[in-house]
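# Overview (structure and organization)
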Amino acid sequence: MHLNAGNETGGGMVHILSLLKELNKEEFVLGLLEKGVFEEKAKAAGIQTITFEQSSRYDLSVLFKIISFIKNEKVDILHTHGARANLYGYFLKKFTSVTWMTTVHSDPRNDFLGRGIKGKVFTKLNLAVLKKPDHFFAISKRFTDMMVEFGISSDKITTIFNGIDFSVPIIKEVSRKEMKLSKEDFVILMVARLDPVKRHQLALKAVKEAIKFHPEIKLLLVGDGPMRNEILHLIKEWCLEKHVTVLGHREDVNALCALADITLLTSKTESFPLVLLESGRENTPVITTDVGGVRDMIPDFSYGFIVSKNEKAEIVSFIDKAIEMRKTGGLAIMGAKFRSYISKHYSIESFVDSIFSVYKRYQRK
């Protein structure tokens with residue numbers, strides 16, 4: 001059984017759904033703690049899904065429901081995703097005979113960034129619990145090294161890389177006219193939860209600087225989250241209304257990737273960002289901070305732009321370079337080269353195989 005809070009709508013949700021779609025649906029079940037988009041998508045994909053509804057995220061009575069389900073269904077392996085599911089995994093391991101595995105999707109030191117004293121308490125609890133599973137999946141070599149630094153034996157860690165289906169077609173294209181964009185506009189797409197760790201403020205600062213030289217820049221922000229009002233306020237305060245559009249949650253990310261000239265990621269931390277793979281699938285190159293497994297998917301600057309130290313200045317510089325490359329056709333060449341590389345190395349098949357092989361090692365005889 002895979003267990004997640006159920007409020008995930010970003011890369012974590014895509015990761016879990018991509019995996020469970022490929023596995024034997026009779027052998028695996030998805031457990032969620034909340035109703036929402038995740039539950040709807042899972043059921044639509046034919047994945048066995050059970051929602052152990054909580055009255056609030058602090059409602060620990062849900063543990064009794066999950067324990068009962070595990071015992072009745074004779075669940076062998078519990079695979080948790082995210083801080084809340086990991087906390088429950090700790091208790092479920094004590095009261096059942098499951099083998100407990102977890103996927104490290106993010107740097108746990110930053111999971112509650114910007115949430116004050118409560119965030120600091122949750123971070124300490126998260127780090128303490130995260131040392132207890134029987135096995136770990138780390139979504140990048142960098143995260144594997146991080147877990148070893150936390151004191152976890154490398155024998156208990158399997159490094160995996162996210163993968164996507166590169167054959168998925170765009171169901172409905174999105175035109176520039178539909179998005180009120182012109183042919184001359186240079187479109188930057190940022191797909192990220194509106195959360196402090198994604199650092200939208202950095203993206204807005206860079207665009208504010210870049211439009212001084214390139215007024216044709218348009219930034220599309222896709223995603224929702226707790227920082228929505230703050231971001232809208234900054235856009236207004238910095239007079240960026242003509243250049244930045246907040247689109248909220250969208251189901252047509254692949255079509256928007258195809259529409260964009262380049263995709264931007266400004267996260268403070270990531271594991272192996274799926275949004276970059278999704279961008280590359282549509283032959284759209286990326287500008288990204290140096291997080292997680294980014295250097296594995298972008299081996300050098302002929303495949304994409306990786307920001308290192310002076311982040312704002314480098315993002316502005318890369319935007320300027322990308323605009324010049326578009327004029328000569330170089331940006332399209334970069335996008336095609338990026339897609340060719342990641343489609344060979346990060347397929348959905350290799351991603352699923354790497355996880356299932358670990359399951360088989362722990363399977364009860």
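Counting restarts for each chain: residues are numbered from 1 in the order of the written sequence. This being a predicted model, a pLDDT of at least 70 is required before a residue's local features are given, and a value of 80 or more before pairs of side-chain atoms are given or counted; all residues contribute to the totals for chains, interfaces and linings. Hydrogens and waters are ignored; side-chain quantities use all the structure's heavy atoms.

### Describing the overall build of the chain
Threshold: Helix numbers and strand numbers start at the N terminus; a helix is a DSSP run of H or I with at least 4 residues, a strand a run of E with at least 2. Each radius of gyration reported is based on C-alpha atoms, and the globular scaling rule is 2.2 Å times the count of residues to the power 0.38. We call a residue buried when its accessible area falls under 20% of the maximum for its residue type, exposed when it is over 50%, and partly exposed in between, using a 1.4 Å probe and counting protein chains only. Contacts between residues were defined by any pair of non-hydrogen atoms, one from each residue, lying within 4.5 Å. Here the open area of atoms and residues is found with the Shrake-Rupley method and a 1.4 Å probe, where only the protein chains shown may cover a residue.
Tallying secondary structure elements over the chain gives 14 helices and 13 strands in all. A compact globule built from 365 residues should have a C-alpha radius of gyration of about 21 Å, and the chain, at 21 Å, falls within 12% of that. If you line up the chain on its principal axes, its C-alpha atoms span 60 × 45 × 40 Å. Across the 365 residues in the chain, those meeting the buried criterion constitute 54%. Excluding contacts between residues fewer than 6 apart, the proportion of contacts in the chain whose partners are at least 24 apart in sequence is 67%. Summed over all atoms, the accessible surface of the chain reaches about 17000 Å², with 52% contributed by carbon and sulfur.

### Description of the layout of surface pockets
Over the atoms a probe the size of a water molecule is rolled, and this reveals where empty space is left. Here is the rule we go by: As defined here, a cavity is a set of points on a 1 Å grid over the protein atoms alone where a 1.4 Å probe fits but cannot get out. A pocket is an open set with protein on both sides within 12 Å along at least five of seven lines, and residues line them when an atom is within 4 Å of a point. Grid points are joined across faces, edges and corners, and a volume is the space filled by probe spheres set on the points. Amino acids are sorted into nonpolar (Ala, Val, Leu, Ile, Met, Phe, Trp, Tyr, Cys and Pro), charged (Asp, Glu, Lys and Arg) and polar (every other residue, Gly among them).
Approximately 450 Å³ is the volume found for the second largest pocket. Considering the residues around the second largest pocket, the lining is formed by 18 residues, among which Met 1, Glu 27, Phe 28, Asp 76 and Ile 77 are closest to the centre. Elements with a contribution of two residues or more to the lining of the second largest pocket: α3 (62–73), β4 (77–81) and α14 (348–362). Looking at which element gives the most residues to the lining of the second largest pocket, the answer is α14, with three residues. Split into classes, the residues belonging to the lining of the second largest pocket amount to eight nonpolar, four polar and six charged.

### Some thoughts on the packing of aromatic side chains
Note the cut-off: Any two of the Phe, Tyr and Trp rings considered here, Trp counted by its six-membered ring, make a pair once their centres fall within 6.5 Å; the pair's planes then place it as stacked at under 30 degrees, edge-to-face at over 60, or tilted in between.
For the structure shown, the criterion picks out twelve aromatic pairs. Between Tyr 90 and Phe 91 the ring centres are 5.3 Å apart and the planes differ by 75 degrees, which places this aromatic pair in the edge-to-face class. Given the relative accessible area of 26%, Tyr 90 is considered partly exposed. Considering the side-chain rings of Phe 137 and Tyr 359, the 6.3 Å spacing of their centres and the 90 degrees angle between planes classify their relative orientation as edge-to-face. Of this pair, Phe 137 sits in strand β6 (residues 135–138) while Tyr 359 sits in helix α14, and the two are 222 residues apart along the sequence. The same class applies to Phe 137 as to Tyr 359, namely buried. Three or more aromatic residues joined by ring pairs make a cluster, and in this case those are Phe 28, Phe 137, Phe 356 and Tyr 359.

### Overview of the environment of Gly 223
Position of Gly 223 among the secondary structure elements: in the loop between β9 (217–222) and α8 (228–237). The class for Gly 223 is buried, based on a relative accessible area of 10%. Between the alpha carbons of Gly 223 and Ala 192 there is a distance of 5.4 Å; along the sequence they are 31 residues apart. Among residues more than four places away in sequence, those in contact with Gly 223 are Ala 192, Leu 194, Gly 248 and His 249.

### A short note on helix α6 (residues 141–149)
Residues lying three or four places apart along an α-helix face the same way, a consequence of the helix completing one turn every 3.6 residues. As a reminder, the rule being used: Note that the arc is defined by the directions from the helix axis to the C-beta atoms.
Burial in α6 covers these residues: Phe 143, Thr 144, Met 146 and Met 147. For α6, the angular spread of buried residues about the axis comes to 160 degrees, placing them on one side. Buried residues belonging to α6 abut β5 (99–104), β6 and β7 (157–159). In the stretch just after α6, Gly 151 is the one whose phi turns positive, near 100 degrees.

### Focus on the pattern of salt bridges
This is how it is decided: By salt bridge we mean one thing: a side-chain nitrogen of Lys or Arg within 4 Å of a carboxyl oxygen of Asp or Glu.
Summed over the entire model, instances satisfying the criterion amount to 18 salt bridges. Between Asp 195 and Arg 193 there is a salt bridge, with the nearest N and O atoms lying 3.9 Å from each other. The exposure class assigned to Asp 195 is buried, which follows from its relative accessible area of 3%. Arg 193 gets classed as partly exposed once you look at its relative accessible area, which sits at 37%. Residues Arg 326 and Asp 261 are paired through a salt bridge, measuring 3.2 Å at the closest nitrogen-oxygen approach. You can see Arg 326 sitting in helix α12 (residues 311–328) and its partner Asp 261 sitting in the loop between α9 (253–259) and β11 (262–265), a full 65 residues away along the chain. On the accessibility criterion, Asp 261 (13% relative accessible area) is buried. Taken together, the salt bridges that share partners define one network made up of Lys 35, Glu 39 and Lys 43.

### Focus: the packing of α12 against helix α13 (residues 330–345)
Which entries qualify depends on this criterion: The convention used is that axes are lines fitted to C-alpha atoms, helices contributing only their stretch in contact, and that angles between N-to-C directions extend from 0 to 180 degrees. The labels follow the angle: roughly parallel below 35 degrees, roughly antiparallel above 145, roughly perpendicular from 65 to 115, and oblique for the rest.
Relative orientation of the contacting elements α12 and α13 amounts to 100 degrees, with a least axis distance of 5 Å. For the element pair α12 / α13, the angle class is roughly perpendicular. Along the contact surface, α12 presents Ala 322, Met 325, Arg 326 and Thr 328, while α13 presents Gly 330, Leu 331 and Met 334. Considering only residue class, the contact of α12 with α13 consists of four nonpolar, two polar and one charged.

In short, shape yes, function no, at least from these values alone.
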